Structures are given as C-alpha cells and as structure tokens.
Amino acid sequence: MSSIILKTAVRYLLPILLLFSIFLLLRGHHLPGGGFVGGLVASIAFVLHSFAHGTENTLKLLKYNPIRFIAMGLLLAACSMFIPILWGYPPMTALWVDRMIPVVGSIGTALFFDIGVYIVVVGAVLNILFTISLHSH
Amino acid sequence: MLFTVLLGFIVAILPAFLRKVVKTRWLVLLAIVPSLIFIYYLFQLPAIASGSVLKQSTDWVPSLGVNLSLRLDGLSLLFTLLISGIGIGIFVYAYEYLKKHRYIDRFFTYLLLFMSAMLGLVLSDNLLLLFIFWELTSLSSFFLIGFNNESEGSRKSALISFTTTGMGGFFLLAAFVLIGDIAGTYNLSELIDQGNIYYEHPYYPLIIAFFLLGAFTKSAQFPFHFWLPGAMKAPTPVSAYLHSATMVKAGIFLIARFTPILGGQTMWTAPLLIVGGFTMLYAVVNSLYRTDLKSILAYSTISALGVLTFLLGVGTKTGFIAAIAFIIAHALYKASLFLVTGIIDLKLGTRDISVLGGLGKTIPIVAFSAVLAALSSAGLPGSFGFISKDLIYEATLGSTIFQPESTGHYLLIGLAVLTNIGLVIAGFLAGIRPFTGTPSTKIKLPSKIYINYKLWVPPFILATISFVLGMLPHLPSHKIVDPAVTSIHNSITSADLALWHGWSVVLALSLVTLAAGSALYFMIKPSHDKEQYFAKWQVASPQNIFAGITDVFKTMSMSITNFMHNGFLRSYTFKIILFAEILFVYLLWQDGPIYIDYSQLSSISIYEVITIIILCGALLLLLLSKSRLTAVVATSVVGYTICLIFVFYSAPDLAMTQFSIDTLTVVLFVFVLFKLPPFLSFKNLKTRVRDSIIAIGFGVIISLITLKVMQQPFSSEIKDFYANYAYTLAKGKNVVNVILVDFRGMDTMFEIVVLSIAGLGVYSLLKLRLKSSEKE
C-alpha cells in the first residue's frame, strides 16, 4: 500500500491526530474525553502512519517497542495509585497541586493515572495490531 | 518472637537472588539462621518452664480477625526447639549432601521457607494464621519432594503428597471456620481459655470429622498414609527433617493443641484410638518386608505417628506425657537413622539392605551413630527411647476407655506390644543390618570411604543426645515435658521422668518387647522375593483406590473439556449465548410480567429513524454477503450507527470510544483478512435455522431486559452522588471520567492490566508460532 496522497496526508495528519489525542486526554477531566479515548486516537494515528509507510517504519518512528509502552503506562498508573500512601492516605486517593498550570490545568495524581491509561492503551493496541500485521505477511 | 518466623522468610529470598554473587560454599552459613532461632528459644526455656505463656500480636488484617498473633507455651516451645535444633544439623548436612547439585541455592530457599512456615505453624495464636502456615508447609514440602524435578517419580510423588495434604487442608479450614464461628473468635488463646464449649453443639461431630481429616492427612494416618513413602523421593536430609522429625508431626501437634478445645469426649478419643491404633500396626507390618532402607524408615515413621495419635487418644495425663516423650525420642533417633541412610546412599549408591552389610568396619563412626539410634528406637535401658517406651506402656495400661482387665483393655495392650516389637525390628533393620554381617557379592565395597565431618557429625550428635537424655531424664522432664503436657492438659503437671521405675508390669513389657524384637530381627531375612510377594496385596491398598478415584476425575474432566473446547470459535459463541439465554429466560420468568410505561418513552426523531434504517440495511447486507470483506465493512457500519445513537442520547464519551474501537477493529480485520480460512457459507439449512433462532432469541431477551430495567423505579441516588461529588471531591466536571480515574480507579487499574495481558498474550502467541515454524 504505497500511495503518494496517503503519504503526504499522513505527514500532516499524524501530528494533528497526536495533538488531538493529547487534547482529548487533558480535557477529559472536565469535558468528554480521557485517557482511554485519547490512547485510541493516538493508536489510530500510528496505524495510519503504518498504512502509508509500512509497519517497520512506524516501529522505527516509535523508537521503543510497543511492549515497553505497556510497561511504562502500567508503572505510571501504579505509581500514581500508590503515591498517596507516602502522605498517609489510602491508595487511589486523588491528590492535587493547588496552583493551576496554563494549558494543562490542575495537576494531580488522577491526571498521571489517566496518562498511564493513555500509554497502556497505545502500547496494547499497537502491540496487538503490529504483531499481527508483521506476522500476517 | 515474630522475628524468628520472619527471619527465615527474609533470608529464604537471598540464595535465589544472590546465586551469581554468592559462592556455593557460603551457603553453609545459612545454618546460622536455625542456630540463632535455637539459641533464642533456649533462652525462653526458664520462663516457659515456670508456667508463663508468652504472647505477641501485630495487626495484619484486623477486619477479618486475622492477626499476626503468636503464642509461646510449653507445646510450641518443644516444637520450636525441635525444628530449629534438628534444623541446624540438617542445614549443615544438606549442604555437604547436595553441594554438587545445580540447584542447591534453590534447595536452601525451600528449606528456609519450610522452616519458617513450620515455626509459624507451631507459634500461631490465630486459627487462620495457623492455617496459612499449615498450607505453606505443604507447599514447601511439595517443592522439596519434587526437588529432583527431572525424575518423573519425584514429580508424581510431590503431586500426590500435595493433593493429599492439600485436601486435608481444606477440611481443616472448614473445621477452623466452624470453630471460629461458634466461639466467636479465631484467637487460639481465647479458645483454649473457653475450653470445650462445642460438645453439645449439633456441629460437633462435623467439626471433629473435618478437623481430624486435616490432621490425619498431614500426619499420614491410615488411609492417607500413602503419600509419606512416596515423599521419600526427596533428598535424604529433607526426609529426615520434614517427613520424620517435624512436618508430619504437625498433625500430631494440632491434635495436641486442640485437645483442650475439642477433646475430653468419646467422640474425640475414639477415632484417635482406632485410627492411630490401626495405623501403628499396619505400618509397622508394612515396614518389615521392605528392602529399601528409606521405605523401612518411612513405614516405621508412619507407625510412630500412629503411636502418637493413639497416645493422644488415650487422653489421660500419662498418655500426654508419653506422647511428648515419644515425640522427642522419635525425632532424635529417626532423624539420625535417616541421615545415616543418606550417607550410605551417597557413598555407595544403594539403599538395598538385602545387599548391604559389613559397613561397620569401613565407616565406623557412622555405624556408631546408627547403632546408638537403633538402640534408642528399640528402647534399650539407658536411652531416651526406653523411657518413652515405658511411658507408652504405662499410658496404655492406664487408659480409661475400657474397663481394666476387660478384653478391650488387653487388646490395646496387645496392640501396643506388637507395634513396639515391630518398631524394634524396623529400627535394627535400618540401623544395624547394613553395618553387620557380610556384604552381598552384588556390590563392591571400597576398603576405605572418606566421610566429611559435615555428614557424620549431625547424626552422631542426635544419636548421642538420645542417650544423654536417657541417662539424665530429669533434664528434659521439668523444662520441656512438663510445660508441654501442661499446655495440652491444662493442669500443672510433673512428669518426673526417671530411668528406674522399679520392678513393674511396664518394665516387664519393655523387656519382653526388646527380647522378642531382637529375636525376630535375627530370623527376618529381607529379600526381594518377599517384597514382591507382599506387593501382590497392594492392589487393594488405599493408594490404588485413591489413584482410581483421581483417574475417574481425570477422564471426566477430559470428556467435559473435549465437549466444551472443540476449537471452533463459532461453537464457543453458540454455547455461551445459549447458556446466557437459558439463564436470562429463567430470571425473566421468575421476575414476572413486563409492563411498558409509554409515558416514559420519548418521541422518535427523524435522525434516529434514518440511523435505524441504515443499521438494518447494514445488517441485511452482512447476513447476505458472500465475501468476508463486505461482511467486515457491513459490521463496521453497524458499529458506527450505534455510535450515532449514543450521540443522540447524549453519551459523547461512549460514542467517541466506540468510534475509535470500531475503526481499530476494521483495521485489525484488514490485517488478518488474508490469514483467515476461506469464507464459510453455511448452506446447511438446519444450521442456519438453528443459529437464527438463537440469535433472534438473544436479541429479544436483551430487549426485554432493557424494558425490564426501565420498569424498575429509577434510583437516582448513585447518579446524584456522582453528580454532586465529582467536582467537590475529585475536582472534575466530566462525571464519566471522574468515575473512571477516581471513584472507581481501582477498576480501571485492573482493566488496563487485563488489556496489557491481552496484548502480551497476542504477542506471545504469534511469536510462539513463529518459533515452532522456525524449527520445522
């Protein structure tokens, strides 16, 4: 599947879709969106890239094997889950930084948990799809 | 006290992690662990001997009543000393025995794990904690029996022993829960203080049955004894430690521990007497015709465990004193006999007593320990075995189950005498036969065998202690035996063990036993013919019966699996949906008629009508399509229209997610499209009709359930809770997302874990297939 139109389109679509996925992730706390949808959109972006340039090139672009994303995401989510213990709260308590940060909004453990979900979703979806695509040839 | 239990667990991790850093010869230093524990408990002796009970408690899961509470009284002190004391010798010996083994570090991990679990078991002051340690001992025993995991026999024996003791564990748990429920506490000390409050309870027989099943499986009582001879597949130090000196006595410990709680009734003593009495005679007869040293020792151990059960069943104070004394005597002489057997096996490569002989000249120091141990087992005056044998007779004579001088009473005495004669012979066979006479021509004996001190010192010390205690019986009498009996019998006891009791019936019986045993020993010539003759009778043995039951289970589960798991995805879907339908129909039937409240339904807009028309069209296309690609496209149209419906009903989060998922599903389909088997069209009318009935039925049922849900008065409590607290508690305005990451964040955590496992599963499945194709 090598098409000039798709390749050119992907050059612009990939960053836009990725930005959109991060936008979805960040707005999730107040408006429709969240880590899960964000992760799915990001995976779609990479899948689109793999259509245009081939899975091997997408894997090069990702730099890390999708399996590592799963591990990183799980680690981040687990950390944000257990960090409240250090302050003597039960795990999963949401802790927030008082000051607002521009663009991102308020920062808290729930945000990092959501980012963890995002990364796990990207890792798991790409892992499944790319493994299958690489082995179906 | 807690640190003695935890120390072993913590150190147990070390050998596994440090195997690259630590040299094998440093592993012998692990013997420091049991030494420290042994010294610690030696220092507790005076306090416990003066009658106090030490307790220590740390909260663990207080909401379930499970706490790390420990209790050190006479009984637990005796066991902790045995576990740690014999443990020192076993650790040193095992290092020398296995130092060339590849997995020696792993071995010590298991051994430490076992030791700590066993310590925890005897120290637990909480029923559930006790149960956890109980299971841990079974588990570590499983690993130790199967330690030579390359041999099929080892693996099989490990499995048999684990299933047997594990099954007993379940019964034990049931008994514990019943006890805890009736008494209202799981704290052992409180239970002991309450005494037997159960004997009038309707569940009392049930509790006793469950409890004894647990104890009997662990302590290898008939008909559950068969796992113990199999457990001899373990390396010999393990057999000495777990399967004769400590773990198998856990059941005995438990019976003793619960005597003040459940005992004092005929319903309690009768099964102990019957099972113990039968086991002790049955096992000792079984030990006499064997030729394998370890088998002889295994069966005589089972017999000794039977004796202990029997003594606890006698239920008198003398019975308890005898049981405690016999535990000590047996642990000392049996462990050293096992260790000697291990030396012979290691150096000569055989344990067959029909060929062994004359080793006394080649390895005199080992022979010396073996003979000492055998004499203690025979009950030669001057050994601790003699004192315990005296007490066994005294207890049997004083038993109150039958009238004195009635037939039953004589039967018990006869049983005890016969068993003890058998034990004398078995001890001589294992401890004296290999060292005397002339060796068979079948093996070549080297003229001199070098034996490392780490191998011969432990059995030597254990055998010597048997005689030291035998000569000076007042040493253990007050410090160890008295407090132990006190904690079983709940009254201040003075055992006054002594070497000389004066001329009495007991002494006469002892001497008769010794004489008859020695005489019979010279008459018995173990041979393989005899063993094979008896093996014919094994068809009806409990082991074969249990194996038969297991086989029935196996074939049954195989046939069920074959039926359910035929490898066709469509058949799985069919079965799952059919099963769900049956359940739902039953529930709807139970729940009564369905009303539709038309006033609650909102009007249908034109957008919805159009969407539904598209949906139906896509479905029709899907059903009639002749190619897979069309089917995939049609399915995705169905998915997208459902997204639209979500949008209409203001569920944007859901719609967005569904939209992305649908896109990715189509991509996935495209990836695997060419890999899939040819498109099957089911021309068979019968299959089509069947499937369509199932499918339409499922749709109808789901619709009915949806209507049913609307019929329920809508509880807005939950909705209000989330709506009100989403912003104040979780600082988020999007309720859906707040639920996902905050209120029910734990669920999300597990969901992403499941997702990761699925991802890894796909990865490894495909990689695995690639590898096997590479091999081809």
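This one's a predicted model, so the numbers in the text were calculated from it and none came from an experiment.

Chemist: I'm lost on unusual backbone geometry in this one. Help?
Modeler: A negative phi angle is the norm for most residues apart from glycine, just as the trans form is the norm for most peptide bonds. A cis amide bond, omega 0 degrees, links Phe222(B) with the succeeding residue Pro223(B). Locating Pro223(B) in the fold gives a position in the loop between α8 (204-218) and α9 (227-231). Despite not being glycine, Lys63(A) has its phi angle at roughly 75 degrees, a positive value. With respect to the helices, strands and loops of the structure, Lys63(A) is situated in the loop between α3 (55-62) and α4 (66-86).

Chemist: Could you clarify how one ought to interpret the environment of Leu305(B) in this entry?
Modeler: All names here are of chain B. Looking at the element boundaries, Leu-305 is found in helix α13 (residues 293-314). The spatial distance from the C-alpha of Leu-305 to the C-alpha of Ile-252 is 7.5 Å, given a sequence separation of 53 residues. Dropping the residues within four chain positions of it, Leu-305 is found in contact with Ser-219, Ala-220, Gln-221, Leu-228, Val-248, Lys-249 and Ile-252.

Chemist: Which parts of the structure should I look at to understand the packing of helix α2 (residues 35-53) of chain A against helix α27 (residues 652-672) of chain B?
Modeler: In a packed pair of helices, the relevant descriptors are the angle between the two axes and the axis-to-axis distance. Packing of α2(A) against α27(B) leaves a shortest axis separation of 9 Å and a crossing angle of 30 degrees. Between α2(A) and α27(B), the angle is such that the two are roughly parallel. The two elements α2(A) and α27(B) cross, and the hand of that crossing is left-handed. Here Phe36(A), Val37(A), Leu40(A), Val41(A), Ile44(A), Val47(A), Ser50(A) and Phe51(A) of α2(A) lie close against α27(B), whose contacting residues are Asp653(B), Met656(B), Thr657(B), Ser660(B), Ile661(B), Thr663(B), Leu664(B), Val667(B) and Phe671(B). Its residues placed into classes, the contact of α2(A) with α27(B) shows 12 nonpolar, four polar and one charged.

Chemist: Could you clarify how one ought to interpret the packing of helix α3 (residues 74-98) of chain B against helix α11 (residues 249-262) of chain B in this entry?
Modeler: Residue and element names in this part refer to chain B. Running from N to C, α3 and α11 cross one another at 170 degrees; their axes reach a closest spacing of 11 Å. Comparing their axes, α11 and α3 come out roughly antiparallel. Along this stretch, α3 crosses α11, giving a crossing that reads as right-handed. Taken together, the residues of α11 that come into contact with α3 (itself represented by Leu-75, Ser-76 and Phe-79) are Lys-249, Phe-253, Ala-256 and Arg-257. The residue makeup of the contact of α3 with α11, split by class, is four nonpolar, one polar and two charged.

Conventions adopted
- Residues numbered from 1 in each chain as written.
- Chains lettered and ligands numbered in written order.
- Predicted model: local features only at pLDDT ≥ 70, side-chain atom pairs only at ≥ 80, totals over all residues.
- Heavy atoms only, no water.
- Helix = DSSP H or I, 4+ residues; strand = E, 2+ residues; numbered from the N terminus.
- Contact = heavy atoms within 4.5 Å.
- Axes fitted to C-alpha atoms, helices over the stretch in contact; angles between N-to-C directions.
- Parallel < 35°, antiparallel > 145°, perpendicular 65-115°, else oblique.
- Left-handed = near helix turned anticlockwise from the far one by under 90°.
- Nonpolar A, V, L, I, M, F, W, Y, C, P; charged D, E, K, R; others polar.

None of the figures reported here should be taken as evidence of function without further support.
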